Amino acid sequence: MFAPLKNDTFLRALQRQKVEYTPVWLMRQAGRYLAEYNATRAKAGSFLGLAKNPEFACEVTLQPIDRYPLDAAILFSDILMIPDAMGLGLEFVAGEGPQFKHPLRTASDIAKLAVPDMNDLRYVFDAVTLIRKELNGRVPLIGFAGSPWTISCYMIEGQGSKEYRTIKTMMYAQPELLKQVLSIAAQSTALYLNEQIKAGAQAVMIFDSWGGVLANGKYQEFSLHYIKQVVDNLIRTHNGEKVPAIVFTKGGGLWVDEIANIGCDAVGLDWTMSLAKARRLTGDKVAFQGNIDPMALFGSEQAIRQEVRRVIDDFGPVKEGGHVFNLGHGISQFTPPENVAYLIDEVHQYSKTMHL
């Protein structure tokens, strides 16, 4: 159904197989820092108009692949598509970001919550299949979802938050109620990622964007436990090919050894964690993804290349490990596009010294 893969460096690195250089892709690589993305978004009329239209989603997914020699494409979508399909009324408010008309605040709200019909998310799976066809084997395609804790933060708060007071109040005052939400979110996420895999995703990533706001102990109980449920239920081989799973908790460096033990193939790290330390703590049990500070892309060309080298040196000789170069979080919309080219070039050229 799909063209043979011409560049499988990313997939091999995730599986800690021998590669000639460190592959690179960027979180939020299809985004507002690209003029072509802004033009397509204007055609779509809104963010949801862009994300819910398979043709538009395909177009913006391919834009950074057309512009840069990246080693993977990632589906253009949003982590909030699952709660939207649950009927919580997702809308994007200019200047304020995503909001839900019907947040989960009471036991009766939560009693009505159910795993959504995956047919209501068909536009996502259609986009995955279309992107795979249009990629024509150039690079692998990554599917993704938010972690159960992260999407539950939005579902309960109703929008983004700085304090997470509403969900943390529920966590401390009514923990079993919150666990009902997390359990349904975990079931939904596993189904959703598996449908992406069946549609053509060749690797999947779980974004635990807000796991780092939890206290030690609470992270394990309310985030990692449910991420493990998702990982345990993922399709790991499809059409004879292994489908690697990446888990990324922003602010999760403290728990890297515990994340590495849940069965994922790779752990994503933000810029606050040393890759060398992560390797020591895990004994190269998993591959790592990351972890340059996105703000480094606002430096001079020399500074960007120097910081790339620092990250690659921190990981060290690859040997039995696996490293996928990435940002420690999403790329800023204000990033100069030419600086991205410097980063990718330096990763590809300099990393060869670590793969001898």
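Residues numbered from 1 in each chain as written. Predicted model: local features only at pLDDT ≥ 70, side-chain atom pairs only at ≥ 80, totals over all residues. Heavy atoms only, no water.

A.B. asks: Which parts of the structure should I look at to understand the UniProt feature "site: Transition state stabilizer" (unreviewed entry) in the protein?
C.D. replies: When the UniProt feature table is mapped onto this chain, "site: Transition state stabilizer" (unreviewed entry) is found at Asp-78. Following the sequence through the fold, Asp-78 ends up in the loop between strand S1 (73-74) and helix H5 (81-85). In this structure Asp-78 comes out as buried when scored by relative accessible area, which is 17%. Here Asp-78 is in contact with Phe-47, Phe-92 and Phe-144, once residues within four sequence places are set aside. (UniProt positions renumbered as here; feature names shortened; annotations may be inferred. Helix = DSSP H or I, 4+ residues; strand = E, 2+ residues; numbered from the N terminus. Buried < 20%, exposed > 50% of the residue type's maximum accessible area, 1.4 Å probe, protein only. Contact = heavy atoms within 4.5 Å.)

A.B. asks: Help me out: how do you make sense of the UniProt feature "binding site: substrate" (unreviewed entry) in the protein in this one?
C.D. replies: UniProt feature "binding site: substrate" (unreviewed entry): in the numbering of this structure it lies at Arg-28, Gln-29, Ala-30, Gly-31, Arg-32, Asp-78, Tyr-154, Ser-209 and His-329. Annotated residues spanning 302 residues; largest pairwise C-alpha distance 22.9 Å, indicating distribution over more than one region. As for the annotated residues, the ones lining the largest pocket are Arg-28, Gln-29, Ala-30, Gly-31, Arg-32, Asp-78, Tyr-154, Ser-209 and His-329. Tracing the chain through its elements places Ala-30 in the loop between helix H1 (9-14) and helix H2 (35-44). Among all residues touching Ala-30, those that are not within four sequence positions of it are Tyr-37, Val-60, Thr-61, Pro-64 and Phe-76. A distance of 2.9 Å separates a polar atom in the side chain of Asp-78 from the backbone nitrogen of Leu-80. (1 Å grid on protein atoms, 1.4 Å probe; cavity = no way out; pocket = protein on both sides within 12 Å on 5 of 7 lines; lining within 4 Å. Polar contact = N/O pair within 3.5 Å; in protein donor to acceptor, adjacent residues only side chain to side chain.)

A.B. asks: Mind showing me how you'd approach the side chain of Gln-29 here?
C.D. replies: One can find Gln-29 in the loop between H1 and H2. Of the residues examined, Gln-29 reaches a relative accessible area of 2% and is grouped as buried. Of note is the side chain of Gln-29, whose polar atom sits 2.9 Å from the backbone nitrogen of Leu-26. Polar side-chain contacts of Gln-29 include one of 3.0 Å to the backbone oxygen of Ala-72. With residues up to four places along the chain from it excluded, the contact list for Gln-29 reads Leu-34, Pro-64, Ile-65, Leu-70, Ala-72, Ala-73, Ile-74 and Ile-331.

A.B. asks: Where do I start with the pattern of salt bridges in this structure?
C.D. replies: Scanning all chains against the criterion turns up 17 salt bridges. Where Asp-284 meets Arg-279, a salt bridge forms, and the shortest distance between an N and an O atom there is 2.9 Å. Across the pair, exposure class does not vary: Asp-284 and Arg-279 are buried alike. The salt bridge partner of Glu-346 is Arg-309, with a shortest N-O separation of 2.6 Å. Of this pair, Glu-346 sits in helix H15 (residues 337-350) while Arg-309 sits in helix H14 (residues 301-315), and the two are 37 residues apart along the sequence. (Salt bridge = Lys/Arg side-chain N within 4 Å of Asp/Glu carboxyl O.)

A.B. asks: I would appreciate a short explanation of helix H9 (residues 165-173) in the present structure.
C.D. replies: Given 3.6 residues per helical turn, the α-helix brings residues three or four places apart onto the same face. Regarding H9, the residues found buried are Ile-167, Met-170 and Met-171. Take H9 and look down its axis: the buried residues cluster within an arc of 100 degrees, on one side only. Facing away from the buried side of H9 by more than 90 degrees, the exposed set consists of Arg-165, Tyr-172 and Ala-173. Where H9 is buried, its residues meet helix H6 (107-111), helix H8 (148-157), helix H10 (175-199) and helix H11 (218-232). (Arc of directions from axis to C-beta.)

A.B. asks: For this particular structure, what's the right way to read the side chain of Thr-282?
C.D. replies: Positionally, Thr-282 belongs in helix H13 (residues 275-282). For Thr-282, the contacting residues outside a window of four places in its chain are Val-256, Asp-257, Ala-260 and Phe-288.

A.B. asks: Sorry, what's going on with empty space enclosed by the protein here?
C.D. replies: Using a probe with the size of a water molecule, rolled over the atoms, empty space left in the structure can be pinpointed. Counting across every chain of the model gives one cavity of 30 Å³ or more. Its volume calculated, the largest cavity comes out at about 40 Å³. If you trace the largest cavity, you find it lined by Phe-2, Ala-3, Pro-4, Leu-5, Arg-132, Leu-135, Gly-137, Val-139 and Gln-202. By residue class, the composition of the lining of the largest cavity is six nonpolar, two polar and one charged. (Points joined across faces, edges and corners; volume = space filled by probe spheres on them. Nonpolar A, V, L, I, M, F, W, Y, C, P; charged D, E, K, R; others polar.)

A.B. asks: What am I meant to see in unusual backbone geometry here?
C.D. replies: Of all residues except glycine, most have a negative phi; of all peptide bonds, most are trans. Following Gly-290, the chain continues to Asn-291 via a peptide bond in cis, the omega torsion being 0 degrees. Take Asn-291: it is sitting in the loop between strand S10 (287-289) and H14. Despite not being glycine, Arg-28 has its phi angle at roughly 65 degrees, a positive value. Residue Arg-28 is classed as partly exposed on the basis of its relative accessible area of 48%. Of note, the phi angle at Lys-319 is positive, near 45 degrees, even though the residue is not glycine. Mapped onto the elements of the fold, Lys-319 is located in the loop between H14 and strand S11 (323-324).

A.B. asks: Is there a simple way to think about the packing of aromatic side chains in this case?
C.D. replies: For any pair of aromatic rings, the description rests on two quantities: the centre-to-centre distance and the angle between the ring planes. This structure, assessed with the given rule, holds eight aromatic pairs. On the basis of an interplanar angle of 85 degrees and a centroid distance of 5.5 Å, the ring pair of Phe-144 and Phe-207 is categorised as edge-to-face. Placement of the pair is Phe-144 in strand S4 (residues 141-146) and Phe-207 in strand S5 (residues 203-208), with a sequence separation of 63 residues. For the pair Phe-144 and Phe-207, a shared accessibility class is recorded, and that class is buried. Joined through ring pairs, the aromatic side chains of Tyr-37, Phe-47, Phe-76 and Phe-92 make up one cluster. (Phe/Tyr/Trp six-rings, centres within 6.5 Å; stacked < 30°, edge-to-face > 60°.)

A.B. asks: Before we go on, may I ask you to explain the nonpolar core in this structure?
C.D. replies: General note: in soluble globular proteins, nonpolar side chains tend to be found buried as a group. One finds Phe-10, Trp-25 and Leu-343 to be the most contacted residues of the largest nonpolar core, which totals 130 residues. Leu-343 has contacts with Val-24, Leu-26, Ile-292, Leu-297, Ile-304, Val-308, Phe-325 and Leu-327, leaving out every residue within four places of it along the chain. (Core = buried A, V, L, I, M, F, W, Y, C linked by side-chain atoms within 4.5 Å.)

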